[in-house]
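Below are the chains, spelled out letter by letter.
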Amino acid sequence: MTFKEKYGNTALIAGASEGMGAAYAYALAARGLDLLLIARRKEQLEATAQQIIEQYQVKVLTIICDLAEPNATQKIIQNIGETEIDFLVYNAALSYIGPYIATDISTHRNIASINMLTQLSLVHYFGGKMVERRKGGVVIMSSIAGFQGSGFLSTYAATKAFNRVLAEGLWYEWRQHGVDVIACCAGATATPNYINTKPRKASPLEPKPQLPEQVIEECLKRIGSTPSFISGTGNKFVCFLMQHIFTKKQAIKMMGDGMKKMYDIKE
Ligand SMILES: NC(=O)c1ccc[n+]([C@@H]2O[C@H](COP(=O)([O-])OP(=O)(O)OC[C@H]3O[C@@H](n4cnc5c(N)ncnc54)[C@H](OP(=O)(O)O)[C@@H]3O)[C@@H](O)[C@H]2O)c1
């Protein structure tokens, strides 16, 4: 059975104008799915959509929407109309780097809205319809930062733990209804967002950033076989050490110390 036969005709990708979101769009178009792509930057999103149409001859529609807005889900549902969504990727996320208190509370609240609240609503609405039809797939982007407290991106990491745990629970609930759910726990990945943070190398253990396409191909291969996975061999190895060899305290300290070095953070 092909990917399209298994999941259906149309994918919705929240956060699709560049980086891993765009890589999901290309990878799903390559599998023959039509696309609905969401992001804030019209020009960037439309350029991505146009390139995909030219390369894969699938239908691609764009929805300009800020996922931080409280009415984002309603806006998306209105734009989509009667189109059935067979595959949902919730990719967008907001992060920050620095001390918790030095970062404005409005940023922390926006992180919660984009990374958790709008995700909950979209997954509830479109996942619910998939469950009714007994067919579909949902990918939720998480991060290896969410496996332990991660100082200087504490709120972001907490939302990434939420993403993984949500996907794992829904994997269990929905597998008997024919819907596959997976959390993709990525490590450092060379997206424009990540590159713009200009990280320094913090430790010899640190794996080389993956390419977005590598993460996405692994995810689309693994969906249906596991509730969550860690992308890339280097990330799997580091997570094994952090979870099974080091104590929790050591793992949390390694993450915080690593962030301080990577971004020259002064306490
Ligand atoms: N990159 C990494 O190293 C890494 C590591 C681990 C996990 N992850 C996870 O992987 C996912 C993607 O990571 P990334 O940060 O590198 O991003 P990305 O895939 O490069 O893309 C972010 C996408 O989301 C859109 N977006 C961001 N905020 C939005 C908003 N408020 N409303 C609508 N669209 C929005 C952006 O488009 P516009 O700007 O046009 O809106 C862009 O298309 C995230 O969930 C992240 O937590 C990333």
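Calculation criteria
Residues numbered from 1 in each chain as written. Predicted model: local features only at pLDDT ≥ 70, side-chain atom pairs only at ≥ 80, totals over all residues. Heavy atoms only, no water. Pairing = 2+ DSSP bridges. Helix = DSSP H or I, 4+ residues; strand = E, 2+ residues; numbered from the N terminus. Axes fitted to C-alpha atoms, helices over the stretch in contact; angles between N-to-C directions. Contact = heavy atoms within 4.5 Å. Expected span 1.5 Å × (residues − 1). Buried < 20%, exposed > 50% of the residue type's maximum accessible area, 1.4 Å probe, protein only. Arc of directions from axis to C-beta.

A. Focus on the sheet that holds strand β5 (residues 136-143). Strand order in the open sheet formed by 7 strands is β3-β2-β1-β4-β5-β6-β7, with parallel pairing between adjacent strands. With partners counted over all chains shown, the strands left at the sheet margins are β3 (60-64) and β7 (228-230), one partner each. Between one strand and the next, the sheet's axes are offset by a mean angle of 15°, whatever the strand orientation. The pairing of strand β1 (residues 10-14) with strand β4 (residues 87-90) spans 4 bridges and is classified as parallel. Looking at β4, one finds that Leu12 is bridged to Leu88. Across the sheet, helix α5 (residues 105-133) lies against β1, β4, β5 and β6 (179-186), angled at about 175° from β4, the strand it touches most.

B. Expanded view of helix α10 (residues 248-263). The terminal C-alpha atoms of α10 lie 23 Å apart, and with 16 residues this matches the ideal 22 Å at 1.5 Å per residue to within 8%. Taken as a whole, α10 has its buried residues at Ala251, Gly256, Gly258, Met259, Met262 and Tyr263. Projected onto a plane normal to the axis of α10, the buried residues spread over an arc of 155° and lie on a single side. Away from the buried face of α10 by more than 90 degrees, exposed residues Lys249, Lys253 and Lys261 are located. On its buried face, α10 sits against α7 (192-196) and α9 (233-245). Two residues or fewer past α10, Asp264 is found with a positive phi of approximately 50°.

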